[in-house]
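# A closer look at the structure
Letter by letter, the chains look like this.
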Amino acid sequence: SSASAAELDAADLDTDRRDLRRAGMSLRLRNENGRLTQTVKQGDGEGALADRKEWSEALSEASDAPALGKKNPLRRILRKKVRRRLAPVFAMHVR
């Protein structure tokens, strides 16, 4: 029997001025075997992991990112001007 190969693409996004990082947030897009997910993490990176908040949301297309639902903390900082400047700051591909 042969095992099927799993694939994962992930990219952390921010602006060239690191607006998300300065706000204590991160945005990651993942494509795992065709399933797209956006994850927002909020916290200062210090202390216990339990202190960090995280929101994940399924996307139908990569162009939907960042999806800004009512409870998404990125809504307050991702004005149109900032959204246009989002770009990958780290990316990986695993197969």
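Residues numbered from 1 in each chain as written. Predicted model: local features only at pLDDT ≥ 70, side-chain atom pairs only at ≥ 80, totals over all residues. Heavy atoms only, no water.

In this section: the overall build of the protein. What the protein contains, in helices and strands, is 2 helices and 5 strands. Counting from the amino terminus, the protein carries its helices and strands in the arrangement β-α-β-β-β-α-β. Evaluated residue by residue, the protein yields a buried proportion of 28% over its 95 residues. Taking as baseline every contact in the protein between residues at least 6 positions apart, the subset at least 24 positions apart corresponds to 48%. For the protein, the accessible area works out to roughly 6,900 Å², and carbon and sulfur atoms hold 46% of it. (Helix = DSSP H or I, 4+ residues; strand = E, 2+ residues; numbered from the N terminus. Buried < 20%, exposed > 50% of the residue type's maximum accessible area, 1.4 Å probe, protein only. Contact = heavy atoms within 4.5 Å. Areas by Shrake-Rupley, 256 points an atom, 1.4 Å probe, with all protein chains shown as cover.)

Looking now at the pattern of salt bridges. A complete count under the given rule lists 5 salt bridges for this structure. The salt bridge involving R30 is made with E32; its shortest N-O contact spans 2.9 Å. Among the residues examined, R30 registers a relative accessible area of 29% and is labelled partly exposed. The exposure class assigned to E32 is partly exposed, which follows from its relative accessible area of 32%. Through salt bridges with shared partners, a single network forms among D16, D19, R22 and R85. (Salt bridge = Lys/Arg side-chain N within 4 Å of Asp/Glu carboxyl O.)

These values are about where atoms sit, not about what they do.
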